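Spelled out from the first residue to the last, the chains are:
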Amino acid sequence: MAIYTTLTKKEVHKIADEFGLGDITAFSGVRNGSVNTHYLVETKRGKFFVKIDEVKSEIEVKQELELLLHLKTQGFPCLQPVKSKNGRVALELEGKCLTVTKYLDGAEVPIGALTTTQLNALGHALSSLHLNGRTFKKGIENRFSFPRVAAIYRDVRRHMPSHLKQIVRVLDDEFTYLENYLDNNLPKGIIHGDLFPDNVKFKGNRLVGVVDFEAACRGKLIYDLATAVNALCFHEDCYKIERFDALIAGYESLRPLSLPEWDSFPNELRFSALRFTVTRIKDFFLRKTDDTQRVYKDFKEFYDRLLILRREKSGGMEDILLAMATGYDYRKYQKSKPSK
């Protein structure tokens, strides 16, 4: 989140009136994050987030809101959209979509402070999302499928400075490899696509909310889990096996992974790291915007993960690969022999 669109006091009061939020006691822009503009608005009725979408079209915004409303009816802990007095979930502001959601009480936990209990809860929540998403019948296009990311990279590559030529060589090679080895015949459904520590809230070890469904879409479930591993299990330049074990145990407590998913896991980790490397280069290295507004997220954070996943750099991947190789419990899928 960042502040790309500035709201005046008058505009905030108008928004509060449109959505029936009550008398404003305070409001402020939220500067952490990257893609969209967010304001925290406090009123006598409570706290609310005002979001101005800087990227999505009106149709895409409404699809995201419909998903949130659906998940809320399933009991999934996510943001709850607020409707305007006229029953609308999105308003137009300067050609962009403005939405309001109720504030989710709880605290973000820094990556280094996440406990194995909290990671287990996150795995359980992601699996719950995948299962609850099965009843959401509307499609949401995947903006970060392999073909889409490859297209983004072709555009980005033309602008990469010469001193990054080694990075370009690695990315070129990775796209060639994944084009041949990614498995597209895996279970698909609604995915979050961005399960990072700053997108979840806890009260102690209890998970109380998952936020930021900006990247939510219909995609491969194992890719979503791989992204969570890259985001939550990598700390201090290394993949931590105890974090991986806790996250996977929480996930499989609801939805065990199939053998094809275990087999494809390493490549999905690589694609996830590649996706965030490329989109961060595009959004934060090449994107033209006022430096006072820009929120930098270093693409090299995920490029370094990619080097580890490619086995070109040490970083705990051997333990992860061993866990994957032994993680599939064949006994769960063997047919029982008839008794004699």
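Residues numbered from 1 in each chain as written. Predicted model: local features only at pLDDT ≥ 70, side-chain atom pairs only at ≥ 80, totals over all residues. Heavy atoms only, no water.

### Some details on the sheet that holds strand β3 (residues 46-53)
- Strand order in the open sheet formed by five strands is β1-β2-β3-β5-β4, and the pairing between neighbours is antiparallel. On the outer flanks of this sheet lie β1 (24-30) and β4 (91-93), each paired with one strand and no other. In this sheet, neighbouring strand axes are inclined to one another by 30° on average, regardless of whether the strands run parallel or antiparallel.
- Sheet strands in contact with helix α1 (residues 9-18) are β1, β2 (37-43), β3, β4 and β5 (96-102), and its direction is about 115° off that of β1.
- Taken strand by strand, helix α2 (residues 58-73) contacts β3 and β5, and its axis lies near 15° from that of β5. (Pairing = 2+ DSSP bridges. Helix = DSSP H or I, 4+ residues; strand = E, 2+ residues; numbered from the N terminus. Axes fitted to C-alpha atoms, helices over the stretch in contact; angles between N-to-C directions. Contact = heavy atoms within 4.5 Å.)

### Quick word on the side chain of H70
- Along the polypeptide, H70 turns up in helix α2.
- Filtering out sequence-adjacent residues up to four positions away, H70 remains in contact with N132, T135 and F136.

### Describing the pairing of β5
- Burial analysis of β5 places five of its seven residues in the buried class, the great majority of the element.
- Examined bridge by bridge, β3 and β5 share six bridges and lie antiparallel to one another. By the bridge assignment, D53 is partnered in β5 with C97. (Buried < 20%, exposed > 50% of the residue type's maximum accessible area, 1.4 Å probe, protein only.)

### Quick word on the packing of helix α5 (residues 165-181) against helix α9 (residues 300-309)
- Packing of α5 against α9 brings their axes to within 12 Å, and their N-to-C directions diverge by 55°. Between α5 and α9, the angle is such that the two are oblique. Our pair here, α5 against α9, has a crossing hand that is left-handed. Every residue of α9 that contacts α5 at Q166, I167, V170, L171 and E174 is listed here: K300, Y303, L306 and L307.
- Partitioning the contact of α5 with α9 into residue classes produces six nonpolar, one polar and two charged. (Parallel < 35°, antiparallel > 145°, perpendicular 65-115°, else oblique. Left-handed = near helix turned anticlockwise from the far one by under 90°. Nonpolar A, V, L, I, M, F, W, Y, C, P; charged D, E, K, R; others polar.)

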